[in-house]
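Tertiary structure, described
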Amino acid sequence: MSNRIEDVVDKIVKGEVELHKIDEILDANAAMVARRLAIERLTGNGLPSIGSTIIDYYDIKNKNAENVIGATQIPLGVAGPILIDGDYAKGNFFVPLATTEGALIASVNRGMKVLRKAGPVRTKIVRDGMTRAPVFVLDSVVGAMKFIEWVNQNFEAIRNVTESTSKHGKLKKIEPLLLGNNVWLRFEFETGDAMGMNMVTIATEAACSYIEQNFEGARCVAVSGNACSDKKQSMVNELWGRGKTVVAETIISSEILKKELRTTAEKILDVNLRKNWLGGARAGTIFQYNAHFANIIAAIFIATGQDVAQVVESSTGFTWVENRGDNLYISVTLPSLEVGTVGGGTRLPTQREALSIMGVQGSGNPPGSNAKKFAEIIAAAVLAGELNLLSALSTRELGKAHKMLGRGIKT
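Computed from a predicted model, the values in this text were never measured in an experiment. (Residues numbered from 1 in each chain as written. Predicted model: local features only at pLDDT ≥ 70, side-chain atom pairs only at ≥ 80, totals over all residues. Heavy atoms only, no water.)

**Quick notes on empty space enclosed by the protein**
- In total, this model carries two cavities of 30 Å³ or more according to the counting rule given.
- There is about 40 Å³ of room inside the largest cavity.
- Asp 128, Met 130, Thr 191, Ala 194, Met 195, Gly 243, Lys 244, Glu 338 and Val 339 are the residues that line the largest cavity.
- Secondary structure elements with two or more residues in the lining of the largest cavity: β3 (121–132) and β8 (243–252).
- Across the lining of the largest cavity, the residue classes break down as four nonpolar, two polar and three charged.
- For the lining of the largest cavity, the two domains that each supply at least three residues are domain 2 (76–128 + 238–407) and domain 3 (134–222).
- Looking at the second largest cavity, its volume works out to about 30 Å³.
- Only α7 (155–163) and α8 (197–214) provide two or more residues apiece to the lining of the second largest cavity. (1 Å grid on protein atoms, 1.4 Å probe; cavity = no way out; pocket = protein on both sides within 12 Å on 5 of 7 lines; lining within 4 Å. Points joined across faces, edges and corners; volume = space filled by probe spheres on them. Helix = DSSP H or I, 4+ residues; strand = E, 2+ residues; numbered from the N terminus. Nonpolar A, V, L, I, M, F, W, Y, C, P; charged D, E, K, R; others polar. Domains from an automatic or database assignment.)

**Looking at the domain arrangement of the chain**
- Taken as a whole, the chain is organised into domain 1 (1–59), domain 2 (76–128 + 238–407) and domain 3 (134–222).
- Relative placement of domain 2 and domain 3: their C-alpha centres are 34 Å apart.
- Contacts between the two partners involve 20 residues from domain 2 and, on the opposite side, 11 residues from domain 3.
- Counting each side, the surface lost to burial between domain 2 and domain 3 is near 1,100 Å², with a carbon and sulfur contribution of 48%.
- Counting the surface domain 2 buries against domain 3, the share from its top three residues, Asp 128, Trp 240 and Arg 242, is 43%.
- At the boundary of domain 2 and domain 3, one finds one salt bridge.
- For Glu 188, the salt bridge is made with Arg 127, and the minimal N-O distance between the two is 2.8 Å.
- Viewed at the interface, domain 3 and domain 2 are joined by nine residue pairs in polar contact (both at pLDDT 80 or more).
- The set of elements that each furnish at least two residues to the side of domain 2 that touches domain 3 consists of β3 and α15 (369–394).
- If one sorts the elements of the side of domain 2 that touches domain 3 by residue count, α15 sits on top with three residues. (Contact = heavy atoms within 4.5 Å. Buried area = accessible area lost by both parts, 1.4 Å probe. Salt bridge = Lys/Arg side-chain N within 4 Å of Asp/Glu carboxyl O. Polar contact = N/O pair within 3.5 Å; in protein donor to acceptor, adjacent residues only side chain to side chain.)

What follows is the structure in structure tokens.
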């Protein structure tokens, strides 16, 4: 086998074989080795660390990545436990976070310690639905209005078409958006424990074909017309939601604030209003009235095999703080948290293990319960991160923490 791999490497270097064609010549794992060796020769750089991976390329071929040469490793830590009282997540949970940012895991961990002393974090899934919004063009606004009326009248027939493509996807509704002679149909599906983006795309494509065949003059320009909206900030996601809309909240006594965080409810309220809300408004950080949702969500996404690009909309949201008689009420609201516990990168070995730490790996019973539980855990972790950062800012400890944990400088 080694001679055969070397022959293929020689052909790649000479330009006789393209990288993606190697899978047609060698088995999956041999192809991965050949690609890496060829890149080493072509660039003059050894890649032994990239080549040191437990991933079996048979498991990811035609599923997760192409032209694979190995894997990238990112430090993985845990924070917790955090005590949650949700509809799906109940009890204490350790949360895995993959990051290269010093102080991040410590920040979340400190916040979780305080929340644990304060009592359980309450969590609620407000809504759940994955969307895809194809754009159709009609001859006029008159035709567009008739088209919308026809879609509403034929919802059941369209739903039957979409649900024939998957046993897990259930069409909940179709929201039309109109601009001139263009119509976007925002399909919203329940997708069980899968994040569901591929599921709803396949289902929506089937619906588009059915619509074009049965409504004369309607032409689907693109199955994704950006009103979904996937991997983008958008008002429609903030108002209507995409994925899971989830809230986490708690009340922390003045005694705990003073003892554990050396701060007060009034100081944290002041930072939240002037930094997150007023500063965000002045800078134009639309839908980002929070301190660092993206930090926590990106670290959890990487650890658990989520679609990392969806951090864009998943990390939009709001931190709300109130001073209640010197006790602190604090909540986070995530309108578009897009997560799953099956499919995509969740099938990879380390990602499966990370999900298992929280008891959410694989399908839930009933279907969808694991993904909802996971969303509640993420929201609680975000709350911990927000609490700690706001308190650190209120006491001017942020720089000191980053010196010690980000640069290794003792203060």
